[in-house]
Amino acid sequence: MTLTFLDTAKVMASVDRMPDEQMAVLLRRLRLFDAKGLVPVHRQDIGRREGRLDLVGACMARLYSELLDFGLDAETLRGLRTKLDLNDIDKSQTHLATAIDAIRSGGEVTLYVELWQQSDPWKKGLSFRLHGHRAKNTRAANAVKLHEQMKGLKVRLLLPISLNRLLGDFISAFAAADTGA
(Lines give C-alpha, C1' and ligand atoms only; values in the text may rest on other atoms or scores of the structure.)
Protein backbone atom coordinates (compact mmCIF):
# COMPACT_ATOMS: atom_id res chain seq x y z
CA MET A 1 0.00 0.00 0.00
CA THR A 2 2.25 2.81 -1.29
CA LEU A 3 1.89 5.88 -3.49
CA THR A 4 4.48 7.88 -5.42
CA PHE A 5 5.43 11.35 -4.20
CA LEU A 6 3.28 12.85 -6.96
CA ASP A 7 0.24 10.75 -6.06
CA THR A 8 0.72 11.55 -2.35
CA ALA A 9 0.90 15.27 -3.18
CA LYS A 10 -2.32 14.93 -5.21
CA VAL A 11 -4.07 13.32 -2.22
CA MET A 12 -2.81 16.07 0.11
CA ALA A 13 -4.02 18.76 -2.31
CA SER A 14 -7.42 17.14 -2.80
CA VAL A 15 -8.04 16.79 0.95
CA ASP A 16 -7.17 20.47 1.49
CA ARG A 17 -8.97 21.58 -1.71
CA MET A 18 -5.82 23.32 -2.91
CA PRO A 19 -5.55 24.82 -6.38
CA ASP A 20 -3.50 22.90 -8.95
CA GLU A 21 -0.70 25.48 -8.72
CA GLN A 22 0.05 24.30 -5.16
CA MET A 23 0.85 20.76 -6.32
CA ALA A 24 4.42 21.79 -7.18
CA VAL A 25 4.92 23.15 -3.66
CA LEU A 26 3.68 19.93 -2.07
CA LEU A 27 5.83 17.81 -4.36
CA ARG A 28 8.93 19.90 -3.52
CA ARG A 29 8.16 19.48 0.18
CA LEU A 30 7.90 15.70 -0.16
CA ARG A 31 11.23 15.61 -1.99
CA LEU A 32 12.76 17.85 0.69
CA PHE A 33 11.52 15.53 3.44
CA ASP A 34 13.09 12.64 1.53
CA ALA A 35 16.40 14.48 1.04
CA LYS A 36 16.56 15.34 4.76
CA GLY A 37 15.76 11.76 5.75
CA LEU A 38 12.53 12.74 7.48
CA VAL A 39 10.17 10.22 5.87
CA PRO A 40 10.57 6.48 5.27
CA VAL A 41 10.72 6.17 1.47
CA HIS A 42 10.34 2.94 -0.47
CA ARG A 43 12.33 2.81 -3.69
CA GLN A 44 11.86 0.44 -6.56
CA ASP A 45 12.88 0.72 -10.19
CA ILE A 46 11.13 4.05 -10.55
CA GLY A 47 14.10 6.38 -10.18
CA ARG A 48 15.78 8.44 -7.50
CA ARG A 49 13.31 11.32 -7.36
CA GLU A 50 10.13 9.32 -7.35
CA GLY A 51 10.14 7.21 -4.25
CA ARG A 52 6.98 5.78 -2.75
CA LEU A 53 5.39 6.46 0.63
CA ASP A 54 3.31 4.05 2.64
CA LEU A 55 0.48 5.34 4.83
CA VAL A 56 2.73 6.01 7.85
CA GLY A 57 5.29 7.88 5.74
CA ALA A 58 2.56 9.87 3.98
CA CYS A 59 0.99 10.82 7.34
CA MET A 60 4.43 11.91 8.58
CA ALA A 61 4.85 14.06 5.48
CA ARG A 62 1.40 15.61 5.97
CA LEU A 63 2.21 16.42 9.60
CA TYR A 64 5.63 17.86 8.69
CA SER A 65 4.07 20.01 5.98
CA GLU A 66 1.74 21.58 8.53
CA LEU A 67 4.56 22.08 11.03
CA LEU A 68 6.66 23.80 8.35
CA ASP A 69 3.80 26.26 7.98
CA PHE A 70 4.12 26.94 11.72
CA GLY A 71 7.83 27.72 11.23
CA LEU A 72 9.44 24.58 12.66
CA ASP A 73 12.76 23.72 11.02
CA ALA A 74 14.19 20.44 9.71
CA GLU A 75 16.15 19.77 12.91
CA THR A 76 12.98 20.04 14.98
CA LEU A 77 11.17 17.73 12.56
CA ARG A 78 14.05 15.24 12.94
CA GLY A 79 13.39 15.20 16.69
CA LEU A 80 9.72 14.54 16.01
CA ARG A 81 10.59 11.69 13.64
CA THR A 82 12.62 10.11 16.43
CA LYS A 83 9.53 10.22 18.67
CA LEU A 84 7.15 8.93 16.00
CA ASP A 85 9.51 6.11 14.98
CA LEU A 86 9.79 4.71 18.51
CA ASN A 87 8.16 1.32 18.90
CA ASP A 88 5.03 1.24 21.00
CA ILE A 89 5.75 -1.20 23.84
CA ASP A 90 2.17 -2.48 23.86
CA LYS A 91 2.14 -3.14 20.10
CA SER A 92 4.66 -4.30 17.52
CA GLN A 93 4.60 -1.04 15.54
CA THR A 94 5.69 2.58 15.80
CA HIS A 95 3.86 5.24 17.82
CA LEU A 96 2.60 6.89 14.65
CA ALA A 97 1.26 3.60 13.26
CA THR A 98 -0.52 3.02 16.57
CA ALA A 99 -1.95 6.56 16.43
CA ILE A 100 -3.18 5.94 12.86
CA ASP A 101 -4.91 2.74 14.00
CA ALA A 102 -6.55 4.68 16.85
CA ILE A 103 -7.78 7.36 14.43
CA ARG A 104 -9.20 4.69 12.11
CA SER A 105 -11.09 3.12 15.00
CA GLY A 106 -12.60 6.47 16.07
CA GLY A 107 -10.25 7.36 18.92
CA GLU A 108 -9.02 10.90 19.56
CA VAL A 109 -5.26 11.43 19.18
CA THR A 110 -3.48 14.69 19.94
CA LEU A 111 0.17 15.54 19.37
CA TYR A 112 1.63 18.13 21.73
CA VAL A 113 4.73 20.05 20.65
CA GLU A 114 6.30 21.76 23.65
CA LEU A 115 9.04 24.37 23.67
CA TRP A 116 10.83 24.45 27.02
CA GLN A 117 12.36 27.55 28.58
CA GLN A 118 16.17 27.42 28.34
CA SER A 119 18.87 29.50 30.02
CA ASP A 120 20.79 29.54 26.72
CA PRO A 121 18.61 31.17 24.02
CA TRP A 122 20.41 29.25 21.26
CA LYS A 123 19.55 25.83 22.64
CA LYS A 124 16.26 24.21 21.76
CA GLY A 125 14.33 22.55 24.52
CA LEU A 126 11.67 20.64 22.65
CA SER A 127 9.54 17.65 23.48
CA PHE A 128 6.73 15.84 21.73
CA ARG A 129 3.87 13.94 23.34
CA LEU A 130 1.18 11.82 21.74
CA HIS A 131 -2.02 11.43 23.74
CA GLY A 132 -4.96 9.19 23.10
CA HIS A 133 -3.33 6.20 21.44
CA ARG A 134 -2.06 4.27 24.46
CA ALA A 135 -3.24 3.09 27.86
CA LYS A 136 -3.59 5.82 30.49
CA ASN A 137 -1.15 4.23 32.94
CA THR A 138 1.60 4.24 30.27
CA ARG A 139 0.90 7.90 29.46
CA ALA A 140 1.05 8.85 33.14
CA ALA A 141 4.39 7.05 33.58
CA ASN A 142 5.79 8.81 30.50
CA ALA A 143 4.58 12.22 31.77
CA VAL A 144 6.31 11.70 35.13
CA LYS A 145 9.51 10.59 33.38
CA LEU A 146 9.40 13.64 31.07
CA HIS A 147 8.92 16.08 33.97
CA GLU A 148 11.82 14.47 35.84
CA GLN A 149 14.05 14.97 32.79
CA MET A 150 12.99 18.61 32.43
CA LYS A 151 13.40 19.57 36.12
CA GLY A 152 13.00 23.26 36.71
CA LEU A 153 12.12 24.09 33.12
CA LYS A 154 8.81 25.62 32.20
CA VAL A 155 6.88 25.22 28.99
CA ARG A 156 7.14 28.45 26.97
CA LEU A 157 5.02 27.31 24.07
CA LEU A 158 2.52 24.50 23.69
CA LEU A 159 1.15 23.57 20.29
CA PRO A 160 -1.61 20.94 20.46
CA ILE A 161 -2.38 19.28 17.11
CA SER A 162 -5.47 17.16 16.65
CA LEU A 163 -4.24 14.31 14.49
CA ASN A 164 -7.87 13.32 13.87
CA ARG A 165 -8.55 16.63 12.14
CA LEU A 166 -5.23 16.66 10.31
CA LEU A 167 -5.06 13.02 9.26
CA GLY A 168 -8.60 11.60 9.39
CA ASP A 169 -9.75 12.54 5.88
CA PHE A 170 -6.21 12.12 4.54
CA ILE A 171 -6.03 8.49 5.71
CA SER A 172 -9.29 7.68 3.90
CA ALA A 173 -8.26 9.52 0.73
CA PHE A 174 -4.83 7.85 0.72
CA ALA A 175 -6.41 4.41 1.01
CA ALA A 176 -8.88 5.22 -1.78
CA ALA A 177 -6.09 6.50 -4.07
CA ASP A 178 -4.00 3.41 -3.36
CA THR A 179 -6.79 1.07 -4.38
CA GLY A 180 -7.58 3.19 -7.42
CA ALA A 181 -11.11 3.94 -6.21
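Reading the values: rules and limits
Residues numbered from 1 in each chain as written. Predicted model: local features only at pLDDT ≥ 70, side-chain atom pairs only at ≥ 80, totals over all residues. Heavy atoms only, no water. Pairing = 2+ DSSP bridges. Helix = DSSP H or I, 4+ residues; strand = E, 2+ residues; numbered from the N terminus. Contact = heavy atoms within 4.5 Å. Axes fitted to C-alpha atoms, helices over the stretch in contact; angles between N-to-C directions. pLDDT = per-residue confidence, 0-100. Parallel < 35°, antiparallel > 145°, perpendicular 65-115°, else oblique. Left-handed = near helix turned anticlockwise from the far one by under 90°. Nonpolar A, V, L, I, M, F, W, Y, C, P; charged D, E, K, R; others polar. Core = buried A, V, L, I, M, F, W, Y, C linked by side-chain atoms within 4.5 Å. Buried < 20%, exposed > 50% of the residue type's maximum accessible area, 1.4 Å probe, protein only. Phe/Tyr/Trp six-rings, centres within 6.5 Å; stacked < 30°, edge-to-face > 60°.

### Overview of the sheet that holds strand S2 (residues 41-42)
Point 1. Across the sheet, which stays open at both edges, the three strands sit in the order S1-S3-S2 with antiparallel pairing between neighbours. At either end of the open sheet lies a strand with only one pairing partner, and these are strand S1 (2-4) and S2.
Point 2. Where S1 and strand S3 (residues 52-54) come together, three bridges link them in antiparallel fashion. In the sheet register, threonine 2 faces S3, and the bridge partner there is aspartate 54.
Point 3. Its contacts with the sheet place helix H7 (residues 163-179) against S1 and S3, and it is angled at close to 85° to S1.

### Looking at the confidence of the model for the chain
Point 1. In this model, the chain carries a mean pLDDT of 80, and residues with pLDDT of at least 70 account for 76%.
Point 2. Predicted confidence is poor over residues 135-141, with pLDDT under 50, and the contacts of this stretch with residues over four places away or in other chains come to five contacts.

### Remarks on the packing of helix H1 (residues 5-16) against helix H2 (residues 23-35)
Point 1. Relative to each other, H1 and H2 sit at 125°, their axes nearing to 9 Å. Considering the angle they form, H1 stands oblique to H2. Crossing of H1 against H2: the hand is right-handed. Of H2, the residues touching H1 (which contributes Phe5, Leu6, Thr8, Ala9, Lys10, Met12 and Ala13) are Met23, Leu26, Leu27, Leu30, Arg31 and Asp34.
Point 2. Here the residues of the contact of H1 with H2 sort into nine nonpolar, one polar and three charged.

### With respect to the nonpolar core
Point 1. Leu63, Leu111, Ile161, Leu163 and Phe170 are the most contacted members of the largest nonpolar core, which totals 45 residues.
Point 2. Here this core gets eight residues from one element, more than from any other, and that element is helix H3 (residues 55-69).
Point 3. Those residues in contact with phenylalanine 170 that sit more than four places away from it in its chain are Thr8, Val11, Met12, Val15, Ala58, Cys59 and Arg62.

### Here we look at helix H5 (residues 95-104)
Note: α-helices contain 3.6 residues per turn, so residues at a spacing of three or four share the same orientation.
Point 1. A large share of H5 lies buried, amounting to eight of its 10 residues.
Point 2. Taken together, the buried positions of H5 are His95, Leu96, Ala97, Thr98, Ala99, Ile100, Ala102 and Ile103.
Point 3. Buried residues in H5 make contact with H3, helix H4 (74-85), strand S5 (126-131) and H7.
Point 4. Phi turns positive one or two residues past the end of H5, at glycine 106, with a value near 95°.

### Remarks on the packing of aromatic side chains
Point 1. Applying the stated criterion across every chain, the model contains two aromatic pairs.
Point 2. Relative to tyrosine 64, the ring of phenylalanine 33 lies with its centre 5.6 Å away and its plane at 75°, an arrangement referred to as edge-to-face. You can see phenylalanine 33 sitting in helix H2 and its partner tyrosine 64 sitting in helix H3, a full 31 residues away along the chain. Here phenylalanine 33 and tyrosine 64 have matching classes, each one buried.
Point 3. The interplanar angle of 45° and the centroid separation of 6.0 Å between the aromatic rings of phenylalanine 170 and phenylalanine 174 together place this pair among those described as tilted. Of this pair, phenylalanine 170 and phenylalanine 174 both sit in helix H7, four residues apart, which is roughly one turn of that helix. Of the two residues, phenylalanine 170 and phenylalanine 174, both sit in the buried class.

### Concerning the environment of threonine 110
Point 1. Looking at the element boundaries, threonine 110 is found in strand S4 (residues 110-116).
Point 2. Along the primary structure threonine 110 and arginine 165 are separated by 55 residues, whereas in three dimensions their C-alpha atoms are 9.5 Å apart.

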